[in-house]
Amino acid sequence: MPNAAPQAEVRVRPKRQARVFGAPWRTPAGRFSWLKTIALALCTAPAAYMLWERQTGHLGGRPTHELMLQTGFWAIRFLLLGLAITPARAVFDWMRLAMLRRMLGLAAAFYTFAHVILYAADEGYAIGFVLNQMFTVFYLILGTIATIGLVALAATSTDAAMARLGRRWKALHRLVYPIAALSIWHFFLTQKIDVSAAMVPFGLFVWLMLWRLAPPGFRRSLAGILVLALGAVAITAGGEAGWYALNSGIDPWRVLDANLSTARISPAAFVAADLALLAVLVAARRLQRHAAPG
């Protein structure tokens, strides 16, 4: 009986392992990315600057307290930047921006964790007292819930977690919206008297949520961006007036009138300026693409 023809050797490739974290300056394919490198530098710059302020004595008589406040504010900023990736990718038609979402989310978690550690340090690391405050004082309860949520999102932001959780991963990471709302509410309650600093992220968060609720075609158009901006500015002005009316008994019409005064730049004006800049950049991007050959 003749020998059978030799069978072709079958090579079995090892199953690709889901990455935990790659180098933050590289794309998922492993290539160097200037976009991610610049984003990484911007994420770490506030921490470096705060360390410089601490070393040079620029933080006043309570440096730990000041650092605690600054890290909390930066956590909210990076949280909003992470939420801004989806609309920015759509209105600028720049798909590569999606690569930055994980980095910005981890930056928000890092500054939140630093905020909590600095709060404990400001209280002399009296852990029993700190834990009691975090679970009994209302504005700290809000911050604690947001912190636990951010830690959960950061811990499940890896490729391995995405593969393991499957469809549940998206459902879990939609918690970023209530986490952002709780973080801003916490920020409001820490301001005591003047809530101007908290009104600006509130107004930008309102625009981000309005954008997500708007019809896809409308929210991608320049007119839609401007209409949603007007809505966010109006809600910011009304929210500031309502806050002072409820918490300080100040006539809300006086607060609304102050938005038209030149004596101060109101939070609504800051939100309007930010969103006007966005509209200008979107218009410039579209003119550039329209003028490009081919």
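Thresholds, definitions, all that
Residues numbered from 1 in each chain as written. Predicted model: local features only at pLDDT ≥ 70, side-chain atom pairs only at ≥ 80, totals over all residues. Heavy atoms only, no water. Helix = DSSP H or I, 4+ residues; strand = E, 2+ residues; numbered from the N terminus. Expected span 1.5 Å × (residues − 1). Buried < 20%, exposed > 50% of the residue type's maximum accessible area, 1.4 Å probe, protein only. Contact = heavy atoms within 4.5 Å. Lys, Arg positive; Asp, Glu negative; His and termini not counted. Salt bridge = Lys/Arg side-chain N within 4 Å of Asp/Glu carboxyl O. UniProt positions renumbered as here; feature names shortened; annotations may be inferred. Axes fitted to C-alpha atoms, helices over the stretch in contact; angles between N-to-C directions. Parallel < 35°, antiparallel > 145°, perpendicular 65-115°, else oblique. Left-handed = near helix turned anticlockwise from the far one by under 90°. Nonpolar A, V, L, I, M, F, W, Y, C, P; charged D, E, K, R; others polar. Phe/Tyr/Trp six-rings, centres within 6.5 Å; stacked < 30°, edge-to-face > 60°. Lys NZ or Arg CZ within 6 Å of the ring centre and 35° of its normal.

1. Here's the deal with helix α9 (residues 196-213)
Next up, step 1: Along its 18 residues, α9 runs 26 Å from first to last C-alpha, staying within 8% of the 26 Å computed at 1.5 Å per residue.
Next up, step 2: Of all the positions in α9, only Ser-196, Ala-198, Met-199, Val-200, Pro-201, Gly-203, Phe-205, Val-206, Trp-207, Leu-208, Met-209 and Trp-211 are classed as buried.
Next up, step 3: Looking at the buried positions of α9, the neighbouring elements they touch are α2 (63-91), α8 (176-190), α10 (216-220), α11 (222-248) and α13 (267-291).

2. Describing the environment of Phe-32
Next up, step 1: Along the chain, Phe-32 turns up in the segment before α1 (34-56).
Next up, step 2: A relative accessible area of 42% places Phe-32 in the partly exposed class.
Next up, step 3: With 212 residues separating them along the chain, Phe-32 and Tyr-244 place their C-alpha atoms 49 Å apart.
Next up, step 4: Aside from chain neighbours lying at most four places away, what touches Phe-32 is Trp-25, Arg-26 and Thr-37.

3. Some remarks on the side chain of Glu-53
Next up, step 1: Within the element layout of this structure, Glu-53 appears in helix α1.
Next up, step 2: No salt bridge forms around the buried Glu-53; measuring N to O, its nearest opposite-charge neighbour Arg-77 is 9.8 Å away.
Next up, step 3: Aside from chain neighbours lying at most four places away, what touches Glu-53 is His-58, Leu-59 and Gln-70.

4. Side note on the UniProt feature "transmembrane region" (unreviewed entry) in the protein chain
Next up, step 1: Under the UniProt annotation, "transmembrane region" (unreviewed entry) lies at residues 34-52, 72-92, 104-121, 133-155, 171-189, 195-213, 225-245 and 265-284.
Next up, step 2: Counted over residues 133-155, helix gives 96% and strand 0%. Its end C-alpha atoms are 25 Å apart.

5. Here we look at unusual backbone geometry
Next up, step 1: We note that Asp-93 has phi near 55°; this positive angle belongs to a residue other than glycine.
Next up, step 2: If you check the backbone angles, Tyr-125 has positive phi at about 55° while not being a glycine.
Next up, step 3: Locating Tyr-125 in the fold gives a position in the loop between α3 (101-122) and α4 (127-136).

6. Things to note about the packing of α8 against α9
Next up, step 1: Here α8 crosses α9 at 160°, and the two axes come no closer than 9 Å. For the element pair α8 / α9, the angle class is roughly antiparallel. For the pair α8 and α9, the sense of crossing is left-handed. Mapping the contact onto sequence places Tyr-177, Ala-180, Ala-181, Ile-184, Phe-187 and Phe-188 in α8 and Ala-197, Ala-198, Met-199, Pro-201, Phe-202, Phe-205, Met-209 and Arg-212 in α9.
Next up, step 2: By residue class, the composition of the contact of α8 with α9 is 13 nonpolar, no polar and one charged.

7. Comments concerning the packing of aromatic side chains
Next up, step 1: The tally for this structure, following the rule as stated, stands at nine aromatic pairs.
Next up, step 2: On the numbers, 5.1 Å between centres and 85° between planes, the contact of Phe-32 with Trp-34 is edge-to-face.
Next up, step 3: Residue classification places Trp-34 among the exposed residues on the basis of a relative accessible area of 62%.
Next up, step 4: Pairing Trp-74 with Phe-78 gives two aromatic rings, centres 5.7 Å apart and planes at 35°, and the pair type is tilted. Here the residue Trp-74 and the residue Phe-78 both occupy positions in helix α2, the gap between them amounting to four residues, near one helical turn.
Next up, step 5: Using a relative accessible area of 26% as the deciding quantity, one classes Trp-74 as partly exposed.
Next up, step 6: You can call Phe-78 buried: its relative accessible area is 4%.
Next up, step 7: When the ring centre of Phe-73 is taken as origin, the NZ or CZ atom of Arg-77, which lies over that ring, is 3.9 Å away.
Next up, step 8: The ring centre of Trp-74 lies 4.3 Å from the NZ or CZ of Arg-77, which sits over that ring.

8. Considerations on the pattern of salt bridges
Next up, step 1: Applying the stated criterion across every chain yields a total of three salt bridges.
Next up, step 2: Note that Asp-122 is salt-bridged to Arg-62, the shortest N-O span being 3.2 Å. You can see Asp-122 sitting in helix α3 and its partner Arg-62 sitting in the loop between α1 and α2, a full 60 residues away along the chain.
Next up, step 3: Among the salt bridges present, the one from Asp-159 reaches Arg-102, with a minimum N-O distance of 2.7 Å. Placement of Asp-159 in helix α6 (residues 159-165) and of Arg-102 in helix α3 is noted, with a sequence separation of 57 residues between them.

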